[in-house]
Amino acid sequence: MNAHFREMNTQRLDQLAHTARAVGARMLAALALLPLLAACLPPGAAAQTVVKAVARAKPISETATPAPTAAPAPTTAPASTPTPAPTAAPAIRAQPVSLGTNGGEWQFDQATLELAAGEDIVLTFNNGAKTTAHNWLLVSGGDDVATEVNAAGMASGEGAGYIPDDTRIIARTAGLVKGGQSESVTFTAPAAGTYVYLCTFPGHFELGMKGVLTVK
Ligand code: CU
């Protein structure tokens, strides 16, 4: 029994030793090849990565430089676009402005107006009163000038539409505008500043029939 076991054990031990030797030899062979592989592969791989890195570094710097050169092109392009042409077109047309009375009250429906300097204006004054006549005058000044023009208008009489011959009048209706009627006045907006407009029918300016035009 013991002898038989010994034989079997020795046989197995021999087999194990053989396989161990074989595995060991393969491992040794593999280990021996590793340096060769290592000697061959790393330099190639390293060289490739370096080449790639350099190759990428150049395009990035090249693409970075064209970007600024491409940017000025669009900025110069809008400058040459004829955008001033369309903006110049509305300046030729007269700007319509509508101004009325606050119903039958001795007031304009707009206490303030705003225009652009040098703009051609067609102001249509609508007398919304039933019977009361009004006029519209724009003077080159503030309340002081308006007060003087108003006083001169009263002196000029109804026949003149209470409108005096005064160089400080920038624009005005031809005369009195009857209730329910309208009149258009064409003029060019003066230089930037504030101007008073008023009605010189006796007593109306004093009752507050005036407004301020702001020209920008
Ligand atoms: Cu009036």
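Residues numbered from 1 in each chain as written. Predicted model: local features only at pLDDT ≥ 70, side-chain atom pairs only at ≥ 80, totals over all residues.

## Describing the overall build of the chain
And then number 1: The helix and strand tally for the chain stands at five helices and eight strands.
And then number 2: Across the chain, helices and strands are ordered from the amino to the carboxyl terminus as α-α-α-α-β-β-β-β-α-β-β-β-β.
And then number 3: Contacts in the chain between residues far apart in sequence, at least 24 positions, make up 72% of those at least 6 positions apart. (Helix = DSSP H or I, 4+ residues; strand = E, 2+ residues; numbered from the N terminus. Contact = placed C-beta atoms within 7 Å.)

## What to know about the sheet that holds strand S8 (residues 210-215)
And then number 1: Read from one edge to the other, the open sheet built from five strands follows the order S2-S8-S7-S4-S5, with strand pairing classed as mixed. For this open sheet the edge positions go to strand S2 (112-115) and strand S5 (169-172), each flanked by a neighbour on one side alone. The average angle at which neighbouring strand axes cross in this sheet is 25 degrees, direction not considered.
And then number 2: Bridging between strand S4 (residues 137-139) and S5 involves three bridges; their strand directions are antiparallel. (Pairing = 2+ DSSP bridges. Axes fitted to C-alpha atoms, helices over the stretch in contact; angles between N-to-C directions.)

## Quick look at helix H5 (residues 143-156)
And then number 1: Taking 1.5 Å per residue as the helical rise, H5 with its 14 residues ought to reach 20 Å, and the 20 Å between its terminal C-alpha atoms agrees with that figure.
And then number 2: Looking only at H5, the buried set comprises Ala146, Val149, Asn150 and Gly153. Summarising the axial view, the buried residues of H5 lie within an arc of 105 degrees, below the 170-degree limit, and thus occupy one face. For H5, the exposed residues set more than 90 degrees away from the buried face come down to Asp144 and Ala155.
And then number 3: On its buried face, H5 sits against S4, S5, strand S7 (193-198) and S8.
And then number 4: Downstream of H5 by one or two residues, Gly157 has phi in the positive range, about 90 degrees. (Expected span 1.5 Å × (residues − 1). Buried ≥ 20, exposed ≤ 12 C-beta atoms within 10 Å, placed from the backbone. Arc of directions from axis to C-beta.)

## Overview of the environment of Pro190
And then number 1: One can find Pro190 in the loop between strand S6 (182-188) and S7.
And then number 2: Expressed as a C-alpha distance, the spacing of Pro190 and Ser140, which sit 50 residues apart in the sequence, is 8.5 Å.
And then number 3: With residues up to four places along the chain from it excluded, the contact list for Pro190 reads Ala117, Ser140, Ile170, Tyr195 and Val215.

## Thoughts on the pairing of S7
And then number 1: Sheet analysis places S4 next to S7, joined by three bridges and oriented antiparallel. Counted as the bridge partner of Leu138 is Tyr197 from S7.
And then number 2: Sheet analysis places S7 next to S8, joined by six bridges and oriented antiparallel. Counted as the bridge partner of Thr194 is Thr214 from S8.

## A few points about the pairing of S8
And then number 1: Here S2 pairs with S8 via four bridges, running parallel. Bridge assignment links Leu113 to a residue of S8, and that residue is Leu213.

## Re the sheet that holds S6
And then number 1: Strand order in the open sheet formed by three strands is S1-S3-S6, with mixed pairing between adjacent strands. The outermost strands of the open sheet, each flanked by one partner alone, are strand S1 (95-100) and S6. Adjacent strand axes in the sheet meet at a mean angle of 20 degrees, parallel and antiparallel pairs treated alike.
And then number 2: Sheet topology places S1 next to strand S3 (residues 120-126); six bridges connect them, and they run parallel. Within the sheet, the bridge partner assigned to Leu99 lies in S3 and is Phe125.

## Considering unusual backbone geometry
And then number 1: Unusually for a residue other than glycine, Tyr162 sits at a positive phi of about 60 degrees.
And then number 2: With respect to the element layout, Tyr162 can be found in the loop between H5 and S5.
And then number 3: For Tyr162, a count of 25 C-beta atoms within 10 Å puts it in the buried group.

## Thoughts on the confidence of the model for the chain
And then number 1: Overall, the predicted model of the chain reaches an average pLDDT of 74, with 57% of residues at or above 70.
And then number 2: Counting contacts from residues 16-25, a segment whose pLDDT is below 50, to residues more than four positions away or on other chains yields zero contacts.
And then number 3: Every residue in residues 27-79 is under pLDDT 50, and counting partners more than four places away or in other chains gives zero contacts. (pLDDT = per-residue confidence, 0-100.)

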